[in-house]
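The chain contents come next:
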Amino acid sequence: MAVTVTVRLPGGPGDPVRYDRHLAARVDEPARVRRLADVLHGGRPEGAAEVWRRHPGCAVLATLGADGLVHVRFRGGALTLRPVGDPPDPAALAASLVHALLAAAGRRG
C-alpha cells in the first residue's frame, strides 16, 4: 500500500511553515505506484542498484541491511543511518526524512 507523507519544515522569515509532500512506496508495490513515488523503501542493499536504475524519477531509496542499518541513496549522495528504538519500518521513515531534508535544501532530484 502506498503512503503519502507530509512533513512540516521550518521556513524562513515571513514563511513560518513549508511543506514537503511526497509519495513513499515500498519497492514491492505495483509498477504503476513505484513510477509515481518520490521515495522508495524496502528490499535489501544488495538489490538497490537495480531498483535505483529502474526508477530514475525516484529522489530517495532506502533499504534495510541485515545488520539493522538503513542505507539511503539519493541523487548526488548516500548515507547510512542506525535507527534508534524500534520503528515499524525504519527504511520508510529514514527515506521520508531524507526527502524532507533534500526538499528543505532545494535538492529534490
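Basis of the calculations
Residues numbered from 1 in each chain as written. Predicted model: local features only at pLDDT ≥ 70, side-chain atom pairs only at ≥ 80, totals over all residues. Heavy atoms only, no water. Helix = DSSP H or I, 4+ residues; strand = E, 2+ residues; numbered from the N terminus. Buried < 20%, exposed > 50% of the residue type's maximum accessible area, 1.4 Å probe, protein only. Contact = heavy atoms within 4.5 Å. Areas by Shrake-Rupley, 256 points an atom, 1.4 Å probe, with all protein chains shown as cover. Expected span 1.5 Å × (residues − 1). Salt bridge = Lys/Arg side-chain N within 4 Å of Asp/Glu carboxyl O. Phe/Tyr/Trp six-rings, centres within 6.5 Å; stacked < 30°, edge-to-face > 60°. Lys NZ or Arg CZ within 6 Å of the ring centre and 35° of its normal. Pairing = 2+ DSSP bridges. Right-handed = clockwise from strand over helix to strand, strands pointing away.

Across its full length, the protein carries three helices and six strands. Secondary structure elements of the protein, listed N to C terminal, follow the sequence β-β-α-β-α-β-β-β-α. Sorting the 109 residues of the protein into buried and exposed places 40% on the buried side. Contacts spanning at least 24 positions in sequence make up 28% of the contacts within the protein whose residues lie at least 6 apart. Roughly 6400 Å² of accessible area belongs to the protein as shown, and the carbon and sulfur atoms make up 57% of that amount.

Once that is clear, we can look at helix 3 (residues 90–104). End to end, helix 3 covers 21 Å across 15 residues, agreeing with the expected 21 Å (1.5 Å per residue, within 8%). Extensive coverage of helix 3 is indicated by the burial of eleven of its 15 residues. Turning to helix 3, its buried residues are Pro90, Ala91, Ala92, Ala94, Ala95, Ser96, Val98, His99, Ala100, Leu102 and Ala103. In the segment just after helix 3, Gly106 is the residue with positive phi, at about 80°.

Right, let's talk about the pattern of salt bridges for a bit. As enumerated under the stated definition, the model contains three salt bridges in all. Measuring nitrogen to oxygen at the nearest pair gives 3.3 Å for the salt bridge that ties Arg26 to Asp28. Of the charged contacts in the structure, one is a salt bridge between Arg53 and Glu50, with a shortest N-O distance of 2.6 Å. Residue Arg53 and its partner Glu50 are located together in helix 2 (residues 48–54), separated by three residues, close to a single helical turn.

Within the fold, Val60 resides in strand 4 (residues 60–64). What makes Val60 buried here is its relative accessible area of 0%. In sequence terms Val60 and Ala95 are 35 residues apart; their C-alpha atoms lie 6.1 Å from each other. Not counting the four nearest positions on each side in its chain, Val60 is found in contact with Asp38, Val39, Leu40, Trp52, Val72, Arg73, Phe74, Ala95, Val98, His99 and Leu102.

Scanning the entire structure with this criterion turns up zero aromatic pairs. The ring of Trp52 carries Arg75 above its face, with NZ or CZ at 3.8 Å from the centroid.

Where burial is concerned, most of strand 4 is hidden: four out of the five residues are buried. Across three bridges, the pairing between strand 3 (residues 39–41) and strand 4 is parallel. Its bridge partner being in strand 4, Val39 is matched across the sheet by Val60. Tracing the backbone out of strand 3, into helix 2 and back to the parallel element strand 4 gives a crossover that is right-handed. As judged from the five bridges shared by strand 4 and strand 5 (residues 70–74), these two strands associate in the antiparallel manner. Pairing of Thr63 across the sheet is with His71, part of strand 5. Where strand 4 folds back onto strand 5 in an antiparallel hairpin, the turn is made up of five residues, including Gly68, whose phi is positive at roughly 90°.

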